[in-house]
Amino acid sequence: MRTEHLASYVLRGGEEGRARLAVIARVLAEPTRLLLDRSEPLEGCAAIDAGCGGGDITFELAKRVGRAGQVFGLDLDEDKIVLARAEAKRRGIPNVEFCRADVTHHWPVRGVSVVSVRFVLTHLVDPREALKQAYEALRPGGMIVVQDIDCDGEFCDPPSAAFRRKGELFIEAVRRRGGDPLIGRRLVALLEAAGFSDVHSSMVQPYGRDGDVKRVPLLTFTAIRDALLQLGLTSIQEIGGITAELEAFLDRPNTTVGLPRIFHAWGRRQ
């Protein structure tokens with residue numbers, strides 16, 4: 001089993017990574033439901049959640065395919081797979097199966113009606129490999145739905161040096177590992193190059209002054225701490241300073257943060 005894409009992933013995995021993804025899933029719940037609505041009806045169908053993490057989209061797809069359908073969650077992070085299986089058992093969801101798999105290599109399932117790929121392509125050295133696998137896994141007429149980031153759009157108000165520096169470090173870390181932190185704007189071209197037809201896109205950008213959306217920047221910065229040190233992009237001292245400043249900024253009720261722009265793209269296998 002190759003592990004290149006896991007090695008290129010700048011965010012911490014395991015239980016901490018699962019908890020971060022759960023917060024993001026809550027922030028994006030409504031736009032994700034609207035995106036998945038484009039693939040309906042799915043009753044009785046098979047689906048794949050590629051790079052499933054803790055299974056948030058996997059479980060949403062499981063509702064849509066019903067008990068007569070099946071959803072396969074693929075991820076290379078064994079810790080997240082274990083956590084996702086436990087969560088499925090806790091929720092009593094029988095129609096999901098989680099598999100440890102490299103999304104850039106042969107997928108263990110074929111002939112599905114929909115493939116979802118969220119926040120995966122941005123971390124891959126060659127996202128075309130994952131899209132090739134997605135195309136081959138779909139039945140003719142099946143749909144791919146992709147969500148990914150464009151970090152250029154991240155903002156806060158009032159200006160914060162710590163917030164800006166956090167964003168700069170994230171972008172540089174992803175690039176150093178071979179990924180593209182601005183990949184959202186390229187999704188349509190990537191899907192078309194992979195052979196998908198009837199490709200369309202939209203964009204959302206969560207922002208706010210309270211709640212989960214304000215938790216994401218600090219959770220993300222904490223999650224890239226190890227990668228930043230491994231890459232030599234910063235020091236423990238600077239990380240401590242950014243963390244303290246960012247915490248204080250986000251705790252203020254009069255501050256607003258906007259997460260990276262999130263592009264949605266969808267298309268069909270011919």
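Residues numbered from 1 in each chain as written. Predicted model: local features only at pLDDT ≥ 70, side-chain atom pairs only at ≥ 80, totals over all residues. Heavy atoms only, no water.

Novice: Please explain the side chain of asparagine 95 as it appears in this structure.
Specialist: Its location among the elements puts asparagine 95 in the loop between α5 (78–91) and β3 (96–100). Those residues in contact with asparagine 95, other than ones at most four positions away along the chain, are Ala62, Val65, Gly66, Arg67, Gly69, Gln70 and Val71. (Helix = DSSP H or I, 4+ residues; strand = E, 2+ residues; numbered from the N terminus. Contact = heavy atoms within 4.5 Å.)

Novice: Please clarify how helix α9 (residues 216–223) should be interpreted in this entry.
Specialist: Every α-helix winds through 3.6 residues per turn, so residues three or four apart in the chain are directed the same way. In terms of burial, α9 is largely enclosed, as 6 of its 8 residues are buried. Within α9, the full set of buried residues consists of Val216, Pro217, Leu218, Thr220, Phe221 and Ala223. Each element contacted by the buried residues of α9 is listed here: α2 (14–27), α7 (161–176), α10 (225–230), α11 (236–251) and β9 (256–258). (Buried < 20%, exposed > 50% of the residue type's maximum accessible area, 1.4 Å probe, protein only.)

Novice: Would you take a moment to explain the packing of aromatic side chains for this structure?
Specialist: Any two aromatic rings considered together are summarised by their centre-to-centre distance and by the angle between their planes. With the rule as written, the count across this model stands at 3 aromatic pairs. Measuring from centroid to centroid gives 6.4 Å for phenylalanine 155 and tyrosine 207, while their planes differ by 45 degrees, and the two rings are tilted. Here the residue phenylalanine 155 occupies a position in strand β6 (residues 155–157), and tyrosine 207 occupies one in strand β8 (residues 207–208), the gap between them amounting to 52 residues. The exposure class assigned to phenylalanine 155 is partly exposed, which follows from its relative accessible area of 33%. Over the aromatic face of phenylalanine 163 sits the side chain of lysine 166, whose NZ or CZ is 4.5 Å from the ring centroid. (Phe/Tyr/Trp six-rings, centres within 6.5 Å; stacked < 30°, edge-to-face > 60°. Lys NZ or Arg CZ within 6 Å of the ring centre and 35° of its normal.)

Novice: It is not clear to me how the sheet that holds strand β5 (residues 138–150) should be interpreted in this structure. Could you clarify?
Specialist: Strand-to-strand pairing in sheets goes through backbone hydrogen bonds, with the strands running parallel or antiparallel. As summarised here, the arrangement of the 7 strands in space is β3-β2-β1-β4-β5-β10-β7, forming an open sheet in which the pairing is mixed. Two strands bound the open sheet, and with one partner strand each, they are β3 and β7 (197–204). Averaged over all neighbouring strand pairs, the angle between strand axes comes to 15 degrees, with direction disregarded. Relative to β3, strand β2 (residues 70–75) runs parallel, the two sharing 5 bridges. Considered in β3, the bridge of glycine 73 is made with phenylalanine 98. Across the sheet, helix α3 (residues 29–37) is in contact with β4 (112–118), β5, β7 and β10 (261–268); its angle to β5 comes to roughly 155 degrees. (Pairing = 2+ DSSP bridges. Axes fitted to C-alpha atoms, helices over the stretch in contact; angles between N-to-C directions.)

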